[in-house]
Amino acid sequence: FVGVALPPENRKEAAERVRLPFTLEHIQTLNDALMTSNDEMLQAVFKLALYTGCRLEEVARLEAANVTADVIEITRAKTAAGNRSIPVHEHLKPLVAELLSRGDKYLLPDLTENTMGVRSSLMSKRFGKLKTKLGFDSRYVFHSIRKTVATQWEQAGLAEGIAADLLG
C-alpha cells in the first residue's frame, strides 16, 4: 500500500448520506398515509417496527412460534446481540393476536423471500415509494423508524442498557 492514499472525505456528501430519525410528526404523517391505504402488510410491518424498534428484516422474519401475546422473541437477528426478547406493547396486542390467529409459520405470511432469501425487500420498496410520495428524501429510510424509537426511549429516560437490550 505504499503510495496509496485514501480520498479525502467530503463532509457535505457524508452529511447528506446520514440517516435521520423521523420526528413524531413524521411518524403521524406516515401512519395517516398508511391507514388510508389498503396495504395491510405494510401497515403491520410499520406498527411492529414502531413499537419494537426492530429492523425491517427482523419483523419480516418473525415466526409465529416465537411470538406470544406478551413477548416477541427475535432469534434470527443481524448480529448475535440482536437475538432478544421484546415485551409486546399494549397497542400491539390486537395486531399480534390477529396475525397469530392466521395460523401461518410466519407472523406476516404474505411476505415472500426474494432470490437472495430476503423477506423484507418488497416492504422496503413499498415503504420507499410511500415516504418519497410524502416528500421525505433519501436520508429517511425504514431504518429511521428504529432511530426514532431509540430517540423516544432515550427522551423518556429509559436506561441505556435496557434500551440496548431491547434494540439488540
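Everything discussed here concerns the structure shown above.
About the cut-offs
- Residues numbered from 1 in each chain as written.
- Predicted model: local features only at pLDDT ≥ 70, side-chain atom pairs only at ≥ 80, totals over all residues.
- Heavy atoms only, no water.
- Helix = DSSP H or I, 4+ residues; strand = E, 2+ residues; numbered from the N terminus.
- Buried < 20%, exposed > 50% of the residue type's maximum accessible area, 1.4 Å probe, protein only.
- Contact = heavy atoms within 4.5 Å.
- Areas by Shrake-Rupley, 256 points an atom, 1.4 Å probe, with all protein chains shown as cover.
- Lys, Arg positive; Asp, Glu negative; His and termini not counted.
- Charge placed at Lys NZ, Arg CZ, Asp CG, Glu CD.
- Salt bridge = Lys/Arg side-chain N within 4 Å of Asp/Glu carboxyl O.
- Phe/Tyr/Trp six-rings, centres within 6.5 Å; stacked < 30°, edge-to-face > 60°.
- Lys NZ or Arg CZ within 6 Å of the ring centre and 35° of its normal.
- Pairing = 2+ DSSP bridges.
- Axes fitted to C-alpha atoms, helices over the stretch in contact; angles between N-to-C directions.
- Parallel < 35°, antiparallel > 145°, perpendicular 65-115°, else oblique.
- Left-handed = near helix turned anticlockwise from the far one by under 90°.
- Nonpolar A, V, L, I, M, F, W, Y, C, P; charged D, E, K, R; others polar.

Draft legend 1. Main features of the overall build of the protein chain. For the protein chain, the helix and strand inventory stands at 8 helices and 2 strands. Seen through its C-alpha atoms, the protein chain measures out along the principal axes to roughly 60 × 40 × 35 Å. Per-residue burial for the protein chain yields a buried fraction of 38% across its 168 residues. Sequence separation of 24 or more characterises 63% of the internal contacts of the protein chain that already satisfy a separation of 6 or more. Carbon and sulfur atoms make up 55% of the accessible area of the protein chain, which totals about 10100 Å². Here the protein chain contributes 22 positive and 21 negative side-chain charges, whose respective centroids are spaced 6 Å apart.

Draft legend 2. Examining the pattern of salt bridges more closely. A full pass over the atoms with the stated rule returns 11 salt bridges. A salt bridge links Arg126 to Asp39; the nearest nitrogen and oxygen atoms lie 2.8 Å apart. On the criterion of sequence distance, the pair formed by Arg126 in helix α6 (residues 121-133) and Asp39 in the loop between α2 (24-35) and α3 (40-52) is long-range, its members being 87 residues apart. Asp39 sits in the buried class, given a relative accessible area of 17%. Of the charged contacts in the structure, one is a salt bridge between Arg102 and Glu98, with a shortest N-O distance of 3.2 Å.

Draft legend 3. Looking closely at the packing of aromatic side chains. Inspection of the entire model under this criterion finds 5 aromatic pairs. With 5.3 Å between their ring centres and 85° between their planes, Phe22 and Phe136 make a pair best called edge-to-face. Of this pair, Phe22 sits in the loop between α1 (11-17) and α2 while Phe136 sits in the loop between α6 and α7 (143-155), placing them 114 residues apart in sequence. An identical accessibility class is assigned to Phe22 and Phe136; each is buried. Over the ring of Tyr106 we find Arg119; its NZ or CZ atom is 3.6 Å from the centre of that ring.

Draft legend 4. Examining the pairing of strand β2 (residues 84-87) more closely. Residue alternation in β2 divides its side chains into a buried set, Arg84 and Ile86, and an unburied set, Ser85 and Pro87. The sheet contact formed by strand β1 (residues 71-74) and β2 spans 4 bridges and is antiparallel. Within β2, the residue paired with Ile74 across the bridge is Arg84.

Draft legend 5. Local environment of the packing of α2 against α3. For the pair α2 and α3, the least separation of the axes is 10 Å and the interaxial angle reads 155°. On the basis of the axis angle, α2 is roughly antiparallel to α3. Crossing hand, α2 versus α3: left-handed. For the pair α2 and α3, contact is made by Ile27, Leu30, Asn31, Leu34 and Met35 and by Leu42, Gln43, Phe46 and Leu50, respectively. Within the contact of α2 with α3, the residues separate by chemical class into 7 nonpolar, 2 polar and no charged.

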